[in-house]
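Now for the letters of each chain:
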There are 2 protein chains.
Amino acid sequence: MQDFIVTTGPLCGSRKIYSNPPERADIQVPFREVMLADESQPVQRLYDTSGPYTDPNVSTALDVGLPKIRERWLEGRQFGHQQGQGELSTSDIPFCPAPHTVRRGIKGQHVTQLDYARAGIVTEEMIYAAWRENLGRERHQAAKPVGTAASQRGQRVGAPMPDYVTPEYVRDEIAAGRAILPANINHPELEPMVIGRNFLVKINANIGNSAVTPGVAEEVEKMVWATRWGADTVMDLSTGRHIRQVRSWILRNAPVPIGTVPLYEALERVGNDPLALNWEVFRDVLIHQAEQGVDYFTIHAGVRLAHIPLTAERVTGIVSRGGSIIARWCLSGHRESFLYEHFDEICEICHRYDIALSLGDGLRPGSIADANDEAQFAELKTLGELTQVAWKHGCQVMIEGPGHVPMNLIHENMEKQKEFCADAPFYTLGPLTTDIAPGYDHITSAIGAAMIGWFGTAMLCYVTPKEHLGLPDRDDVKTGVITYKLAAHAADLAKGHPTAQQHDNALSRARFAFRWEDQFNLALDSETARSFHDETMPREAHKTAHFCSMCGPKFCSMKISQDIQEETVRLKGMEQKTEEFRKQGGELYVETV
Amino acid sequence: MQDFIVTTGPLCGSRKIYSNPPERADIQVPFREVMLADESQPVQRLYDTSGPYTDPNVSTALDVGLPKIRERWLEGRQFGHQQGQGELSTSDIPFCPAPHTVRRGIKGQHVTQLDYARAGIVTEEMIYAAWRENLGRERHQAAKPVGTAASQRGQRVGAPMPDYVTPEYVRDEIAAGRAILPANINHPELEPMVIGRNFLVKINANIGNSAVTPGVAEEVEKMVWATRWGADTVMDLSTGRHIRQVRSWILRNAPVPIGTVPLYEALERVGNDPLALNWEVFRDVLIHQAEQGVDYFTIHAGVRLAHIPLTAERVTGIVSRGGSIIARWCLSGHRESFLYEHFDEICEICHRYDIALSLGDGLRPGSIADANDEAQFAELKTLGELTQVAWKHGCQVMIEGPGHVPMNLIHENMEKQKEFCADAPFYTLGPLTTDIAPGYDHITSAIGAAMIGWFGTAMLCYVTPKEHLGLPDRDDVKTGVITYKLAAHAADLAKGHPTAQQHDNALSRARFAFRWEDQFNLALDSETARSFHDETMPREAHKTAHFCSMCGPKFCSMKISQDIQEETVRLKGMEQKTEEFRKQGGELYVETV
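Values in this document were obtained by computation on a predicted structure and should not be read as measured data. (Residues numbered from 1 in each chain as written. Chains lettered and ligands numbered in written order. Predicted model: local features only at pLDDT ≥ 70, side-chain atom pairs only at ≥ 80, totals over all residues. Heavy atoms only, no water.)

Asker: Can you lay out the overall build of chain A for me, pointing to particular residues and giving the numbers?
Answerer: A tally of helices and strands in chain A yields 20 helices and 15 strands. By residue count, 71% of the 593 residues in chain A fall in the buried class. Long-range contacts, defined as pairs at least 24 residues apart, comprise 75% of the intrachain contacts of chain A with a sequence gap of at least 6. (Helix = DSSP H or I, 4+ residues; strand = E, 2+ residues; numbered from the N terminus. Buried < 20%, exposed > 50% of the residue type's maximum accessible area, 1.4 Å probe, protein only. Contact = heavy atoms within 4.5 Å.)

Right, dumping it as structure tokens:
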């Protein structure tokens, strides 16, 4: 394992920079800056989820783990703690040997970000997350979108987004339950971020091995790879025998929040027999994962005995793995779910480590036919009740959502979630807007994801091209992440997020001026953009060509552009327009058709 | 050329069938039927755009051309006509030698489908198109979607869609201008189809060589390939020296309507100098293409002199190739567009051959920043005026739309188009919902396309992964077509189209019952679905495995499913439910998470 190498180094045309918020010189927040060939254009600064791996000045080693940037902050909070023992593996897969101090909150103490927020205290994590949301711009530099038209309006959903995010705003959104900042006190390597409808839309990437494909090192690389391309959080859904070992390597090397479904490990511990599950095993798993540093838990506590018969007439029954395990357990012996019955104790454990609860939708629809049915909304109502319980315990909460939903029923999902769950952040899987395109479900779901993100969903769980067909490999992970980054960004644009449109404008200007290299480097996936261009026009000279393969060199659109510009100015009789137009980098660019 | 082979043979797991509408035993309409492994399930019949190429009983040869299925119908209409001479090529690329009779309508005669519709006459083309829309089901078999829930509702936009499409309904929609049936009287090989908001959403695929990549045979294969995967129409946007020769091969071998932008050929004829363009050259091109059999023309007649200054402050100016050519021409000499000034004559020519007008949006936005601006809507208003002129001449019309539009501004595009253009069908390029993902613009645009299709757009012009970067190759064409098929289908579902959901339900049932082969064969792209599955579980036995790579064999979800089903029945105390559930093929299927 120690010899295993993950992908490092900056993205093409980008450099890592650090910037500190005005409140704290010692808090260094990372960003990515795209350097443009046209130096008269402003450098484009972008949100950066990739951690130290893209910083050529930081050397990383998996057995050492990432720098513990939160260590000093956490020490200041005086949690009860003990030195980590270093776990002994009973298999040939070792645990990550990176030093790890286990911390535990004490009852009555402020532990969670929600505790601090309610007490009016701004934490270092909130300052860090606020500065990320602003892309490290001070208030007077707040984004002013450029454009001629109506596209600037956006439609801000729910509480209005501010033009500038202060640490106090982050605090207040967390206090209101409208946002969470998932950050286990045992995950000091984490670069804090905030999830809520009034912030940038976030995306999650699922990784994880299974009994069929038991690779381990590959999963760590998938985590690094997913964050390289923009995953804001990663869920480790491993189900194999080495589930704990895999997770230790992931956590000590993860710059982003890590989520899990603890039920999977519990099932593993009882020999994969759902009926052998019990609260004690589950509790032990929670505590073990909590002390490893997992930042959020999917808990399927909304699958109650009474809901199960509601799925009997569905086309695709219960499709959530967690949901079906719990349903099986409930039906055997006709008993209420132990997750539901022990939910107070689950909250106590989560509070002790500041683990955010991600209330799972075990009864989500698995097909268009089953969307928005009684079973789904009965469970959602229960999740709303559990949200109140979690808040009572001082726990951060978000709510998981579907799944498979036709476009006309997506808005109802968002509205019902807001109503039942009192504005807790919504976290959806897609939804897929049709069932007929296996192999393309990253796309069927990106449609639904972009829409529900616009309507107010705070985080979108990616779907890869392999969904329904197999486990995603490294390429699928990248395709899933890029697809969801573009969906989340489309949602940010539609919501009128103040920083969103600058990126589009920078790329469009590069495109219009035939600055090919700038266009590639500003792209979400510069490698693919460059390689596609090179397929038709491979020569280096073509990178500065003032034409493209669509029209060819003979039809010079640049010349037409000059003429249009000059003539327009003459017609309008306003000479100062020339200068303004040039300032905007205005040139004529020609697409197909 | 004659030796060039295109892709033929049925799609995997499918067979070609023909069905005649009750009105006419001699009209044979093709469909694709997916044969299921589970014979208790109904055969799934699908709309089929692929022409005779997927019929193993028809042998095709490019130099012979396709069977002329409309020949007898056209003969019955007694158009003036002359034998085609066979064109002489002045280059090394020959014209297609397939026999071709040139027909011309006579003034005062019913020529266009609109003429017939207004006169209350149902044409063979209308009968054919109606039967296609019904998927060959008689009224009493009209689709009844199955599902437990709200997904059945749909949201029917504009005039309500009927549950069953009669030839008279097609006629009335055409008469009202809400639909078009593009079918040049010189394209007898065409399999008629209808484009309008109250029918299935259609998709167009662009092909075409350029000065940089001058392949010819490849373009014919791209047309066949695009229709194989579901393209309802194809636009030939070739711009090279052999533009006329390429088109002759495409038309004689095209089962779908072919569209062009005649301005491209006109520019070619005047040595690629926009200023050398004039009405006479353009008119000659129209007539030549009309007699070859082009079914619809993109005409950028809405780019008026007065609109051009409105683009001066845009981030990306004028990005339509046609739009920039016309703008250049207008500005030189400060003159009104010859397309606008000669629009009556253009309509007269189009009427003579029944060529549908696709009024081009030369001033469409080329970036998020420019969406819904004054230039765009000024042009759209002009297109509305021209729609009235075209209708006065008895011409069929549709309206082209953007382009690049953030999600929050998409609905306004549809509403303004309906308002300005009196319900003429809308035909949009995407729109792309963000500019930051070159290489993934099939996805950025599928989001916008699905949404605007739901809102009432009748046809979606595909965007391939190569958009903005290069010319699409064969793989890109397939990716673009499949992506747009799924977007159009998502729109049909959201609109509540009566036949749409059956396909989703059939696939979901196969998925839930682990009928892997049925799931693959029901997929829009069965080859990709199968190959993705085989990457993780390649062995043949796994095709019938009651598990997948997500959970593996140890966790038997099927067993859980049985238990849930039986227990549910017991709890509900309704024994008859067992049978119903089994009838629905109910089994437990488990997704990831």
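Continuing now.
Asker: Let's hear about the pattern of salt bridges: which residues, and what values?
Answerer: Residues and elements named next belong to chain A. Under the criterion given, the structure shown has 78 salt bridges over all chains. The shortest N-O distance in the salt bridge between glutamate 265 and arginine 247 comes to 2.5 Å. Of this pair, glutamate 265 sits in helix H7 (residues 262-269) while arginine 247 sits in helix H6 (residues 243-252), and the two are 18 residues apart along the sequence. Just as glutamate 265 is buried, arginine 247 falls in that class too. Close ionic contact of glutamate 527 with lysine 478 constitutes a salt bridge, the shortest N to O distance being 3.7 Å. Taken together, the positions of glutamate 527 in helix H18 (residues 526-536) and lysine 478 in helix H15 (residues 474-495) put the pair 49 residues apart, joining distant regions of the chain. Through salt bridges with shared partners, a single network forms among Arg24, Asp26, Arg70, Arg72, Arg77, Glu124 and Glu125. (Salt bridge = Lys/Arg side-chain N within 4 Å of Asp/Glu carboxyl O.)

Asker: Please give an account of the environment of A:Val261 that cites residues and values.
Answerer: Residue and element names in this part refer to chain A. Here valine 261 lies in the loop between strand E10 (258-260) and H7. For valine 261 and isoleucine 299, which are 38 residues apart along the polypeptide, the C-alpha to C-alpha distance reads 6.7 Å. Excluding residues within four positions of it along the chain, valine 261 makes contact with Met235, Leu237, Thr298 and His300.

Asker: Kindly report on the sheet that holds strand E14 (residues 426-429) of chain B, identifying the contributing residues and their values.
Answerer: Residues and elements named next belong to chain B. Pairing in this closed barrel of eight strands is parallel, and the strands run E8-E9-E10-E11-E12-E13-E14-E15 around the ring. Direction aside, the axes of adjacent strands within the sheet are offset by 25° on average. Where helix H12 (residues 374-392) meets the sheet, it contacts strand E12 (356-359) and strand E13 (397-401), and its direction lies at approximately 165° from that of E13. (Pairing = 2+ DSSP bridges. Axes fitted to C-alpha atoms, helices over the stretch in contact; angles between N-to-C directions.)

Asker: Mind laying out the UniProt feature "domain: ThiC-associated" (unreviewed entry) in chain A, listing which residues take part and the relevant values?
Answerer: Per the UniProt annotation, the sites labelled "domain: ThiC-associated" (unreviewed entry) are residues 11-78 of chain A. End C-alpha atoms of residues 11-78 of chain A are separated by 39 Å, and the span's content is 7% helix alongside 24% strand. (UniProt positions renumbered as here; feature names shortened; annotations may be inferred.)

Asker: Tell me what's going on with the confidence of the model for chain A, and back it up with residues and numbers.
Answerer: Detailed reading of the predicted coordinates is not advisable wherever pLDDT falls low. Residues and elements named next belong to chain A. Per-residue pLDDT for chain A averages 89, and the proportion of residues at 70 or more is 85%. Under a pLDDT of 50 for its full length, residues 586-590 has, in the predicted model, 29 contacts with residues more than four places off or in other chains. Per the prediction output, this complex has pTM 0.93; the corresponding ipTM is 0.93. (pLDDT = per-residue confidence, 0-100.)

Asker: Can you explain the layout of surface pockets? Please cite residues and give values.
Answerer: Roughly 720 Å³ of internal volume is contained in the largest pocket. Surrounding the largest pocket, 27 residues form its lining, A:His442, A:Pro465, A:Thr479, B:Thr479 and B:Phe532 being those nearest its centre. Those elements that place two or more of their residues in the lining of the largest pocket are helix H14 (441-455), H15 and H18 of chain A together with helix H15 (474-495) and helix H18 (526-536) of chain B. It is H15(A) that provides the largest number of residues to the lining of the largest pocket, a total of four residues. (1 Å grid on protein atoms, 1.4 Å probe; cavity = no way out; pocket = protein on both sides within 12 Å on 5 of 7 lines; lining within 4 Å. Points joined across faces, edges and corners; volume = space filled by probe spheres on them.)

Asker: Any chance you could break down the pairing of strand E8 (residues 202-207) of chain A for me, citing the residues and the numbers?
Answerer: Residue and element names in this part refer to chain A. Among the six residues in E8, six count as buried, and that is most of the element. Residues of E8 alternate between two faces, with Lys202, Asn204 and Asn206 on one and Ile203, Ala205 and Ile207 on the opposite face, all of them buried. Sheet topology note: the E8/strand E15 (residues 459-461) ladder contains three bridges and is parallel. Among the inter-strand pairings, asparagine 204 is bridged to a residue of E15, identified as cysteine 461.

Asker: Break down the sheet that holds E8(A) for me, with residues and values.
Answerer: Residue and element names in this part refer to chain A. Judged by pairing direction, the barrel is parallel, and its eight strands sit side by side in the order E8-E9-E10-E11-E12-E13-E14-E15 before closing back on the first. The sheet shows a mean angle of 25° between the axes of neighbouring strands, direction not considered. In this sheet, E15 lies alongside strand E14 (residues 426-429) in parallel orientation, the contact comprising three bridges. By the bridge assignment for E15, tyrosine 427 is matched with methionine 459.

Asker: Outline the packing of H14(A) against helix H14 (residues 441-455) of chain B, listing residues and values.
Answerer: Between H14(A) and H14(B), whose axes approach to 9 Å, the crossing angle comes to 70°. What the angle tells us is that H14(A) and H14(B) run roughly perpendicular. Between H14(A) and H14(B) lies a crossing of right-handed hand. Taken together, the residues of H14(B) that come into contact with H14(A) (itself represented by A:His442, A:Ile443, A:Ala446, A:Ile447, A:Ala450, A:Met451 and A:Trp454) are B:His442, B:Ile443, B:Ala446, B:Ile447, B:Ala450, B:Met451 and B:Trp454. (Parallel < 35°, antiparallel > 145°, perpendicular 65-115°, else oblique. Left-handed = near helix turned anticlockwise from the far one by under 90°.)

Asker: Account for H7(A), with residues named and values stated.
Answerer: Residues and elements named next belong to chain A. Where burial is concerned, most of H7 is hidden: six out of the eight residues are buried. Residues Pro262, Leu263, Tyr264, Glu265, Ala266 and Leu267 constitute the buried set of H7. In the core, the buried residues of H7 are packed alongside H6, E10, helix H8 (279-292), strand E11 (296-299), helix H9 (321-331) and helix H10 (338-341). Residue glycine 271 follows H7 closely and has a positive phi angle near 65°.

Asker: Tell me what's going on with the packing of aromatic side chains, and back it up with residues and numbers.
Answerer: Aromatic ring pairs are reported here in terms of the distance separating the ring centres and the angle at which the planes meet. Residue and element names in this part refer to chain A. Enumeration over the complete set of coordinates arrives at 20 aromatic pairs over all chains. Residues tryptophan 225 and tryptophan 229 carry aromatic rings whose centres are separated by 5.6 Å and whose planes lie at 85° to one another, so their mutual orientation is edge-to-face. On the basis of relative accessible area, tryptophan 229 is assigned to the buried category, the value being 5%. One aromatic cluster is present, formed by Trp279, Phe282, Trp329 and Phe338 through successive ring pairs. Above the face of the phenylalanine 31 ring, arginine 45 is positioned so that its terminal group lies 5.4 Å from the ring centre. In this structure, arginine 474 packs its charged tip against the face of tryptophan 225, placed 3.6 Å from the ring centre. (Phe/Tyr/Trp six-rings, centres within 6.5 Å; stacked < 30°, edge-to-face > 60°. Lys NZ or Arg CZ within 6 Å of the ring centre and 35° of its normal.)

Asker: Describe in detail the environment of B:Leu74, supporting the description with residues and values.
Answerer: Residue and element names in this part refer to chain B. Looking at where leucine 74 falls in the secondary structure, it is placed in helix H1 (residues 71-75). Considering only alpha carbons, one finds leucine 74 and threonine 7, 67 residues apart in sequence, at a separation of 29 Å. Setting aside its immediate chain neighbours within four residues, leucine 74 contacts Phe79, Arg103, Ile185 and Pro188.

Asker: Any chance you could break down unusual backbone geometry for me, citing the residues and the numbers?
Answerer: Excluding glycine, residues mostly have negative phi values, and the peptide bonds linking residues are mostly trans. Cis peptide bonds are those with omega within 30 degrees of zero, and the linkage from A:Pro402 to A:Gly403 qualifies with 5°. Note that A:Gly403 resides in the loop between strand E13 (397-401) and helix H13 (410-420). A cis geometry characterises the amide bond from A:Gly430 onward to A:Pro431, with omega recorded as 10°. With respect to the element layout, A:Pro431 can be found in the loop between E14 and H14. At A:Asp354, a position not held by glycine, the phi torsion is positive, near 55°. Mapped onto the elements, A:Asp354 comes out in the loop between helix H11 (343-353) and strand E12 (356-359). Assessed through its relative accessible area of 1%, A:Asp354 is described here as buried. One non-glycine residue, B:Asp423, adopts positive backbone phi at about 75°. Position of B:Asp423 relative to the elements: it lies in the loop between helix H13 (410-420) and E14. Exposure remark for B:Asp423: the relative accessible area of 24% places this residue in the partly exposed category.

Asker: If you had to explain the packing of H15(A) against H14(B) to someone new, which residues and values would you point to?
Answerer: One can describe the packing of H15(A) onto H14(B) by two numbers: an axis separation of 10 Å at closest approach and a directional angle of 45°. Regarding the angle of H15(A) to H14(B), the classification is oblique. Considering how the two elements wind past one another, H15(A) and H14(B) form a crossing that is right-handed. Across from A:Thr483, A:Leu486 and A:Ala487 in H15(A), the residues of H14(B) making contact are B:Ile443, B:Thr444 and B:Ile447. Residue classes in the contact of H15(A) with H14(B) are distributed as four nonpolar, two polar and no charged. (Nonpolar A, V, L, I, M, F, W, Y, C, P; charged D, E, K, R; others polar.)

Asker: I'd like a description of the environment of A:Gly105, backed by residues and values.
Answerer: All names here are of chain A. On the secondary structure map, glycine 105 appears in the loop between strand E5 (101-104) and helix H2 (113-118). Among the residues examined, glycine 105 registers a relative accessible area of 11% and is labelled buried. The spacing of glycine 105 and histidine 351 is 246 residues in sequence and 7.7 Å in space, taken between C-alpha atoms. Discounting chain neighbours no more than four positions away, the residues touching glycine 105 are Phe79, Val111, Ile185 and Arg352.

Asker: How would you explain the side chain of B:Arg247 if you had to name every residue and give the values?
Answerer: With relative accessibility at 2%, the residue B:Arg247 sits in the buried group. If near-sequence neighbours (up to four positions away) are discounted, B:Arg247 is found in contact with B:Asp236, B:Thr260, B:Glu265, B:His288, B:Gln289, B:Gln292 and B:Val294.

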